[in-house]
Amino acid sequence: AAWEKQVRHSSTPRRVNGFSVLVTGAAGFIGSHCSLALKKRGDGVLGLDNFNDYYDPSLKRARQNLLSKHQIFIVEGDLNDGPLLTKLFDVVPFTHVLHLAAQAGVRYAMQNPQSYVKSNIAGFVNLLEVAKAVNPQPAIVWASSSSVYGLNTENPFSEHDRTDRPASLYAATKKAGEEIAHTYNHIYGLSLTGLRFFTVYGPWGRPDMAYFFFTKDILQGKPIDIYRTQDQKAVARDFTYIDDVVKGCLGALDTAEKSTGSGGKKKGPAQLRVYNLGNTSPVPVGRLVSILEGLLNTKAKKHVITLPRNGDVPYTHANVTLAYKDFGYKPTTDLAAGLRKFVKWYVSYFGIESKRSKETQHFDESS
Ligand code: NAD
Ligand code: UGA
């Protein structure tokens, strides 16, 4: 296959004892950032992505172009293609898998529930089935989600808090992923580390996420909906900047132990861990919008509406003590600073009508 030639040349790690990492979802938002960061520090990286059209695939292609400039190759294929995955592991002796491919998005689960089952459950199981049989087994770090905390509002959320009240099918499939991971760790000794990301945002982000389409709608003068809870409290998120999340992913990979399974040398139980990767500072959606209004120098047409029963949870807030203790995770970017970087990217990527660019020039130059 075409990718095989590329891979044989490009995936050799430069770091002494560098990792060789399979990044699934590498054309995605978090996957593309992590791939670049791994490559920059000298690890070998190979991507896998099916380039599906959940959101505009041209953005995925643009990320792919960026990665290819850094000699990172993305194999086009699906998690559910077992023979392809087996072949990948045959060709490259991956030390680690950073598994980020999934059907993301909370509200879309009401429109296309099966896509969540296919990628987040069947696809994850397929990857684990292949990985368990590889010798030596790779350590796997995968994306869970803050959505597993469901309707919890006691704050902040810690890893041992209850996760039995998912509010969306998305959340339920992410929770299922954690339980599936437990079984593969228990039976096959696979090393598995789950990362519960909290509403991650930044340059090259996802167009289906609120901060992204709010920016677009504000610039186009279209109205936006700001949700409030049934009891008229502000809906809030622990918005986490992409660079902080990338550091957390690399830290988790660095501390992921080798498996004890078929090929692992380590004695004792293989690792199974779950970490929060959040910002530790929840912000109401209304505040997110006023920051955007400032950065875009434009007033939003706001409709404050009661949160529909659409899978959204009222509140998220991460306690990250565990990730700090185990791999020094410490978020450093506040929402205003992170959104400034996002808006700068947005404007340069999409361009905006000349009048608008003039208005935002002060911003462009200062950041
Ligand atoms: P994304 O949609 O940008 O990236 C996921 C990528 O996986 C996409 O490029 C998609 O084409 C690919 N993909 C999906 N299904 C696939 C399949 N079956 N086979 C191969 N490729 C497939 O999303 P993201 O924001 O980068 O999220 C990455 C991971 O983090 C996901 O698992 C997501 O659920 C999780 N997560 C994200 C956030 C966030 O706020 N961005 C928060 C919590 C958890
Ligand atoms: C995000 C991602 O989309 C999920 O993939 C991820 O798993 C999840 O974070 C997570 O942390 O686990 P969400 O927090 O719902 O999910 O992110 P957005 O869709 O960007 O929504 C952000 C906030 O804006 C939410 O509080 C939502 O209720 C609110 N919102 C959304 C509005 O007020 N109005 C809208 O029109 C849309």
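Calculation rules
- Residues numbered from 1 in each chain as written.
- Chains lettered and ligands numbered in written order.
- Predicted model: local features only at pLDDT ≥ 70, side-chain atom pairs only at ≥ 80, totals over all residues.
- Heavy atoms only, no water.
- 1 Å grid on protein atoms, 1.4 Å probe; cavity = no way out; pocket = protein on both sides within 12 Å on 5 of 7 lines; lining within 4 Å.
- Points joined across faces, edges and corners; volume = space filled by probe spheres on them.
- Helix = DSSP H or I, 4+ residues; strand = E, 2+ residues; numbered from the N terminus.
- Nonpolar A, V, L, I, M, F, W, Y, C, P; charged D, E, K, R; others polar.
- Core = buried A, V, L, I, M, F, W, Y, C linked by side-chain atoms within 4.5 Å.
- Buried < 20%, exposed > 50% of the residue type's maximum accessible area, 1.4 Å probe, protein only.
- Domains from an automatic or database assignment.
- Contact = heavy atoms within 4.5 Å.
- Near = heavy atom within 4 Å.
- Polar contact = N/O pair within 3.5 Å; in protein donor to acceptor, adjacent residues only side chain to side chain.
- Areas by Shrake-Rupley, 256 points an atom, 1.4 Å probe, with all protein chains shown as cover.
- Axes fitted to C-alpha atoms, helices over the stretch in contact; angles between N-to-C directions.
- Parallel < 35°, antiparallel > 145°, perpendicular 65-115°, else oblique.
- Left-handed = near helix turned anticlockwise from the far one by under 90°.
- Phe/Tyr/Trp six-rings, centres within 6.5 Å; stacked < 30°, edge-to-face > 60°.
- Lys NZ or Arg CZ within 6 Å of the ring centre and 35° of its normal.

(A) Representation of empty space enclosed by the protein. One pass over the structure, following the stated rule, counts 1 cavity of 30 Å³ or more. In this structure, the largest cavity occupies an estimated 70 Å³ of space. Mapped by element, the contributors of at least two residues to the lining of the largest cavity are α5 (113-133), β5 (139-145) and α6 (169-188). Per-class residue counts for the lining of the largest cavity are 5 nonpolar, 5 polar and 1 charged.

(B) Looking closely at the nonpolar core. Counting 78 residues, the largest nonpolar core has Ile-30, Leu-98, Phe-197, Tyr-211 and Leu-339 as the members making the most contacts within it. Counting the residues that make up this core, at least three belong to each of domain 1 (2-205 + 240-277) and domain 2 (210-234 + 283-314 + 334-366). Once you skip the residues sitting within four places of it in the chain, Tyr-211 turns out to touch Phe-29, Val-200, Tyr-201, Gly-202, Gly-205, Arg-206, Leu-288, Leu-292, Leu-339 and Phe-342.

(C) Representation of the site of ligand 1 within the structure. Close contacts around ligand 1 come from 29 residues, with Ile-30, Asp-49, Tyr-55, Tyr-170 and Val-200 the closest. At a separation of 2.9 Å, an oxygen atom of ligand 1 approaches a polar backbone atom of Phe-29. Within the side chain of Tyr-170, an N or O atom sits 2.7 Å from an oxygen atom of ligand 1. When ligand 1 sits alone it has 820 Å² of accessible area, and the protein chains cover 97% of it. Sorting the residues of the shell around ligand 1 by element identifies α2 (29-40), β5 and α6 as the ones contributing at least two each. The greatest single-element share of the shell around ligand 1, amounting to 3 residues, is contributed by β5. Taken together, the residues that form the shell around ligand 1 break down as 15 nonpolar, 9 polar and 5 charged.

(D) Representation of the packing of helix α4 (residues 82-91) against α5 in the model. Viewed as axis vectors pointing N to C, α4 and α5 meet at an angle of 40°, and their least axial separation amounts to 10 Å. Judged on the interaxial angle alone, α5 and α4 are oblique. The interaxial crossing formed by α4 with α5 has right-handed handedness. Contacts between α4 and α5 pair Gly-82, Leu-85, Thr-86 and Phe-89 from the former with Asn-126, Leu-127 and Val-130 from the latter. Partitioning the contact of α4 with α5 into residue classes produces 4 nonpolar, 3 polar and no charged.

(E) Looking closely at the packing of aromatic side chains. Enumeration over the complete set of coordinates arrives at 29 aromatic pairs. An aromatic cluster of at least three residues, connected via ring pairs, comprises Tyr-201, Trp-204, Tyr-211, Phe-212, Tyr-241, Phe-342, Trp-345, Tyr-346, Tyr-349 and Phe-350. Sitting over the face of the ring of Phe-19, Arg-15 holds its NZ or CZ atom 5.2 Å from the ring centroid. A cation over an aromatic ring shows up here: Lys-60 above the ring of Tyr-55, its NZ or CZ 4.7 Å from the ring centre.

(F) Quick peek at the site of ligand 2. Near ligand 2, the surroundings consist of 23 residues, among which Arg-107, Ser-145, Ser-146, Tyr-170 and Asp-312 are the closest. Separating an oxygen atom of ligand 2 from a side-chain N or O atom of Ser-145 is a distance of 2.4 Å. At a separation of 2.7 Å, an oxygen atom of ligand 2 approaches a polar side-chain atom of Ser-146. Coverage of ligand 2 by the protein amounts to 94% of the 700 Å² it exposes when considered alone. Counting residues per element, the ones that place at least two in the shell around ligand 2 are α7 (210-219) and β8 (223-228). In terms of residue class, the shell around ligand 2 is built from 13 nonpolar, 5 polar and 5 charged.

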